Amino acid sequence: YGNGHSETVLAEALAGRHDEVLIATKTNSLSASGIREACEKSLERLKTDRIDLYQIHWPSGTWGGDIIPIEETMGALLKLQSEGKIRALGVSNFSSQQIEDALKSGRIDSLQPPFSLLWRSYEDNGTFQTCIKNNIGIVSYSSIAQGLLTGKFNADNRPNETDNRSHNVLFKTPHYERALEAVKKLEPLAEKHDATLAQLATAWVLAQPGITSAIVGARTPDQIKDIAGAARLNLSDADLQEMDRIGRAV
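Throughout what follows, the structure given in this document is the object of discussion. Just so you know, the residues in each chain are numbered from 1, in the order the chain's sequence is written. Since the coordinates come from a predicted model, pLDDT governs what is reported: local features require at least 70, and pairs of side-chain atoms require 80 or more to be given and counted, while whole-chain, interface and lining totals use all residues. Processing note: side-chain calculations cover all non-hydrogen atoms of the structure and skip hydrogens and water entirely.

Secondary structure follows DSSP: runs of H or I at least 4 residues long count as helices, runs of E at least 2 residues long count as strands, and numbering of each begins at the N terminus. Regarding its fold elements, the protein presents 10 helices and six strands. For 250 residues, the compact-globule formula gives about 18 Å, and the C-alpha radius of gyration of the protein, at 19 Å, lands near that figure. Type-normalised accessible area, obtained with a 1.4 Å probe on protein chains alone, sets the label of each residue: buried when under 20%, exposed when over 50%, and partly exposed for intermediate values. Out of the 250 residues belonging to the protein, those deemed buried represent 44%. Looking at the protein alone, contacts between residues at least 24 apart form 72% of all its contacts between residues at least 6 apart. Carbon and sulfur atoms provide 51% of the accessible area of the protein, an area that totals close to 13300 Å². Computed over 27 positive and 32 negative side-chain charges, the inter-centroid distance for the protein is 0 Å. The reference for a compact globule is 2.2 Å times residues^0.38; the radius of gyration itself is calculated from the C-alpha atoms. Note on contacts: a residue pair qualifies if any of its non-hydrogen atoms lie within 4.5 Å across the two residues. Here the accessible surface of atoms and residues is derived via Shrake-Rupley with a 1.4 Å probe, and residues count as covered only by protein chains that are part of the display. Note that His is not counted, nor are the chain ends; the positive residues are Lys and Arg, and the negative ones are Asp and Glu. Lysine's charge is taken at NZ, arginine's at CZ, aspartate's at CG and glutamate's at CD.

Right under this line is the structure:
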C-alpha cells in the first residue's frame, strides 16, 4: 500500500527481527514479467530475501484490469517459490470457482476475503467450504467491519465523504442504522467477558470454521494491544450462536 510505503515502514520496524515474524504482502501485477518485477521490488523494500506469504490481490480483470490467464500467473508464482523468494502462495478476493481454477496449476495456501459478523458473503456462497475441502487457510480482512464493530460510531459520528469507508454499503442507510443496533446488542456480551467490542468481534471471527487468521486495522499502539486481547477470549457455543443471530440481522 502507498506505492510500497507500507513495506518500507515494515522493514524499518523489523530490522534484525524478520525471523520472529511471518511477512505477508500482495501483488497487483498478474503477468509473468509483472509478478517478478513486483516481487523483486517488494523484497528490496522489505530488505529481506524471502516473503513468507505472497498473495494475488485481486482476480484478473477486476476493476478493469488486464485479463491474464491464471495459468500464467500461477506459473510465475511457482517459479519464484522454487527460487526461494516466496514461501506460501495466497489469493485474495477469489471466488470458489476462481480458487478451483488456480488449483489446477498448483498449490494455494490461503484465501484473504472480507469477513466479519456483518459481512458473510464468502461464507454463504460456498467459498469457505472450498477452502476447507482443499486445506486452504482463510485470512479474513475487515474483521471488525472497518471499525464499525468497535462501537465508536453512532448516528452523529459517521464517516464523511472524504473517508473511504463512506463508500462501504455497511455505512449507508439503512444498513448503517441496522449495524449500530447490532453493536448495541453486542455490548452485554462484551461486558460478560470483560472485553471490548473489537475483541469480541475478532474472537467471533477466529472461532469460525476454516479461519486461520484475522486481519484487523489499527492506527495506534493502544489499538494493537487492545485487539490482541481477542486471543484470550473463550466464547461458548451459546455466545457464538447469539452473535451469529445478531450479525445476521444486518
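Back to the text.
This part covers the packing of aromatic side chains. To describe a pair of aromatic rings, you give the distance between the ring centres and the angle between the ring planes. Stacked, edge-to-face and tilted labels apply to pairs of Phe, Tyr and Trp rings (six-membered ring for Trp) whose centres lie within 6.5 Å, assigned for plane angles under 30 degrees, over 60, and everything in between, in that order. Counting across every chain of the model gives five aromatic pairs. With centroids separated by 5.5 Å and ring planes inclined at 80°, the aromatic side chains of Phe-153 and Phe-171 adopt a geometry described as edge-to-face. Here Phe-153, found in the loop between β5 (137–140) and α7 (175–192), pairs with Phe-171, found in the loop between β5 and α7; they are 18 residues apart in sequence, far enough to count as distant. What makes Phe-153 buried here is its relative accessible area of 8%. Three or more aromatic residues link up through ring pairs in this structure, and these residues are Phe-115, Phe-128 and Trp-204. Throughout this description, the term charge over a ring refers to an Arg CZ or Lys NZ atom that lies within 6 Å of the ring centre and within 35 degrees of the ring normal. For Lys-26, the ring lying beneath its charged end belongs to Tyr-141, and the centroid distance is 5.8 Å.

A separate point is the nonpolar core. Core analysis: the largest hydrophobic core is formed by 63 residues, its most contacted members being Leu-148 and Leu-149. It is α7 that provides the largest number of residues to this core, a total of eight residues. Not counting chain neighbours up to four residues away, the residues in contact with Leu-148 comprise Leu-118, Phe-153, Leu-170, Phe-171, Tyr-176, Ala-179, Leu-180 and Val-183. What makes a nonpolar core is a set of buried Ala, Val, Leu, Ile, Met, Phe, Trp, Tyr and Cys residues whose side-chain atoms join them at distances within 4.5 Å.

Before going further, it helps to spend a moment on the packing of helix α1 (residues 5–13) against helix α2 (residues 32–46). Whenever a helix is involved, its axis is fitted only over the stretch in contact; in every case the axis is a line through C-alpha atoms, and angles between N-to-C directions fall within 0 to 180 degrees. At their nearest, the axes of α1 and α2 sit 7 Å apart, and the two run at 35° to each other. Here Glu-7, Thr-8, Leu-10 and Ala-11 of α1 come into contact with α2, specifically with Ser-42, Arg-45 and Leu-46. Broken down by class, the residue content of the contact of α1 with α2 amounts to three nonpolar, two polar and two charged. Lys, Arg, Asp and Glu make up the charged group, whereas Ala, Val, Leu, Ile, Met, Phe, Trp, Tyr, Cys and Pro make up the nonpolar group; the residues left over, Gly among them, are polar.

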